[in-house]
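The chain contents come next:
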Amino acid sequence: MKFILIALLAGACLTVTWPTVSKTVTLSAPITVKAGQTYDGFKEYSNKWVRFERGKSGLGDCTSVEGGKADACFLLYKGATLKNVVLGAKSIEHVHCEEDGCTVENVYWEDVCEDALTFENGSSTSAKFYVKGGAAQNGSDKIIQFNSAGTVYVSNFYCANSGKLIRACGNCKKGYQGKRTINLTNVEVYKVSTLAGYNSNYGDTVTLKNVKVSGGGHVCRAFQGRNDGKEPTAIGYQCEASGTISSCTCS
């Protein structure tokens, strides 16, 4: 199947293409992309798009499913790049970026279970995480879980029918507890309950540029983050709008 959506974002044109998949690869364990290396699924399979899964069926909408990095399709380490892959429905977790910084480029999540992409176990406040292009849909919880320190840059990305596009961790019991920075540029969401969740007491910021919101839902939802594992308290909304947001910062 190939589907093209064209969205006009304040003069910019975001084109989302769901690739035509030639085969499905069922993994018995995650593929590890070592620090500084690149895994290009398109090149690995002779310039053909391939779907990666873990062979897990009967997951439903995944609202009661919890997984970890052992359940993922790909594990990325510091400075690694994952590009040009399709991730299917039969996985609890999909991509985990361990340590300080990675790049995910032109990755497509057809049906997200718990989280599509998790940034974790990084402690450097100067770390940079990039999501360039691609799309995700049907994630009942979060698309991007941001647990590490540093800054996430999401650009030219499309998300539909999901709970949150990105959430800065608000109840991590271990690891980094502090400010996280999120930058969203040329992003479109459709029927997403909350575009970005952040913790105002940690000093988190979310900067939006040329972001289109449609189909209902909130833009930025502020929380009172906590480090005991209990659910954080939602305390308000910022940058509320429907349509195109040319520029706004939530803090």
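What counts, and where the lines are drawn
Residues numbered from 1 in each chain as written. Predicted model: local features only at pLDDT ≥ 70, side-chain atom pairs only at ≥ 80, totals over all residues. Heavy atoms only, no water. Phe/Tyr/Trp six-rings, centres within 6.5 Å; stacked < 30°, edge-to-face > 60°. Buried < 20%, exposed > 50% of the residue type's maximum accessible area, 1.4 Å probe, protein only. Lys NZ or Arg CZ within 6 Å of the ring centre and 35° of its normal. Disulfide = S-S within 2.5 Å. Helix = DSSP H or I, 4+ residues; strand = E, 2+ residues; numbered from the N terminus. Lys, Arg positive; Asp, Glu negative; His and termini not counted. Salt bridge = Lys/Arg side-chain N within 4 Å of Asp/Glu carboxyl O. Polar contact = N/O pair within 3.5 Å; in protein donor to acceptor, adjacent residues only side chain to side chain. Contact = heavy atoms within 4.5 Å. Pairing = 2+ DSSP bridges.

Chemist: Account for the packing of aromatic side chains, with residues named and values stated.
Modeler: Under the counting rule described, the total for this entry stands at 12 aromatic pairs. Taken together, a centroid distance of 5.6 Å and an interplanar angle of 50° make the contact between Phe 42 and Trp 49 tilted. Overall, the relative accessible area of 25% leaves Phe 42 in the partly exposed class. Here the aromatic residues Trp 18, Phe 42, Trp 49 and Tyr 108 are joined through ring pairs into a cluster of three or more. When the ring centre of Tyr 130 is taken as origin, the NZ or CZ atom of Lys 132, which lies over that ring, is 5.2 Å away. The residue whose ring lies beneath Arg 180 is Phe 146, and the NZ or CZ to ring-centre distance is 6.0 Å.

Chemist: Help me get a handle on the state of the cysteines, residues and values and all.
Modeler: Within the structure shown, the criterion is met by four disulfides. Between the sulfur atoms of Cys 239 and its disulfide mate Cys 248 the distance is 1.9 Å. Of note, the bridge from Cys 239 to Cys 248 carries an S-S torsion of about -85° and is left-handed in sense. A relative accessible area of 15% places Cys 239 in the buried class. Its sulfur unpaired, Cys 73 is 11 Å from the next cysteine sulfur, which belongs to Cys 113. Residue Cys 159 stays outside any disulfide, its sulfur separated by 14 Å from that of Cys 220, the closest cysteine.

Chemist: Kindly report on the side chain of Glu 114, identifying the contributing residues and their values.
Modeler: Within the secondary structure, Glu 114 is located in the loop between β10 (102–109) and β11 (115–120). In this structure Glu 114 is buried but unpaired, with Lys 142 as the nearest side chain of opposite charge at 5.6 Å. At a separation of 2.8 Å, a polar atom in the side chain of Glu 114 contacts the main-chain amide nitrogen of Gly 67. With near-sequence residues (within four places) excluded, Glu 114 lies in contact with Cys 62, Val 65, Glu 66, Gly 67, Ile 92, Glu 93, Asp 141 and Lys 142.

Chemist: Go over the pairing of strand β9 (residues 93–98) with me, naming the residues and quoting the values.
Modeler: Across a regular strand the side chains alternate sides, sitting on one face of the sheet and then on the other. Buried residues dominate β9, accounting for six of its six residues. Alignment of strand β7 (residues 74–76) against β9, held across three bridges, turns out to be parallel. Bridging across to β9, Leu 76 finds its partner in Cys 97. Pairing of β9 with β11, which is carried by five bridges, proceeds in the parallel orientation. Each bridged residue has a counterpart across the sheet, and for Glu 98 the counterpart in β11 is Glu 120.

Chemist: Which residues make up the environment of Ala 168, and what are the values?
Modeler: Relative to the elements of secondary structure, Ala 168 occurs in strand β15 (residues 150–168). With relative accessibility at 0%, the residue Ala 168 sits in the buried group. Between the C-alpha atom of Ala 168 and that of Cys 248, which follows or precedes it by 80 residues, the distance is 18 Å. In contact with Ala 168, other than residues within four places in its own chain, are Phe 146, Arg 180, Ile 182, Gly 197, Tyr 198, Asn 199 and Asp 204.

Chemist: Let's hear about the pairing of strand β12 (residues 128–132): which residues, and what values?
Modeler: Covered by surrounding structure in β12 are Phe 129 and Val 131 only, the residues Lys 128, Tyr 130 and Lys 132 on the alternate face being uncovered. In terms of strand pairing, β10 meets β12 through four bridges, oriented parallel. Considered in β12, the bridge of Val 104 is made with Val 131. Direction of pairing for β12 relative to β15: parallel, over a ladder of five bridges. Pairing of Val 131 across the sheet is with Val 154, part of β15.

Chemist: Describe the pattern of salt bridges, with residues and values.
Modeler: If you walk through the whole model with that rule in mind, you get four salt bridges. Where Arg 226 meets Asp 228, a salt bridge forms, and the shortest distance between an N and an O atom there is 2.7 Å. Residue classification places Asp 228 among the partly exposed positions, given a relative accessible area of 32%. Members of the salt-bridge network, linked through shared partners, are Asp 115, Asp 141 and Lys 142.

Chemist: Describe unusual backbone geometry, and please don't skip the residues or the numbers.
Modeler: Phi is mostly negative for residues that are not glycine, and the peptide bonds are mostly trans. One non-glycine residue, Asn 47, adopts positive backbone phi at about 60°. Note on placement: Asn 47 falls in the loop between α1 (41–44) and β6 (49–53). Positive phi, close to 60°, is recorded for Asn 138, a residue that is not glycine. Judged by its relative accessible area of 31%, Asn 138 is partly exposed.

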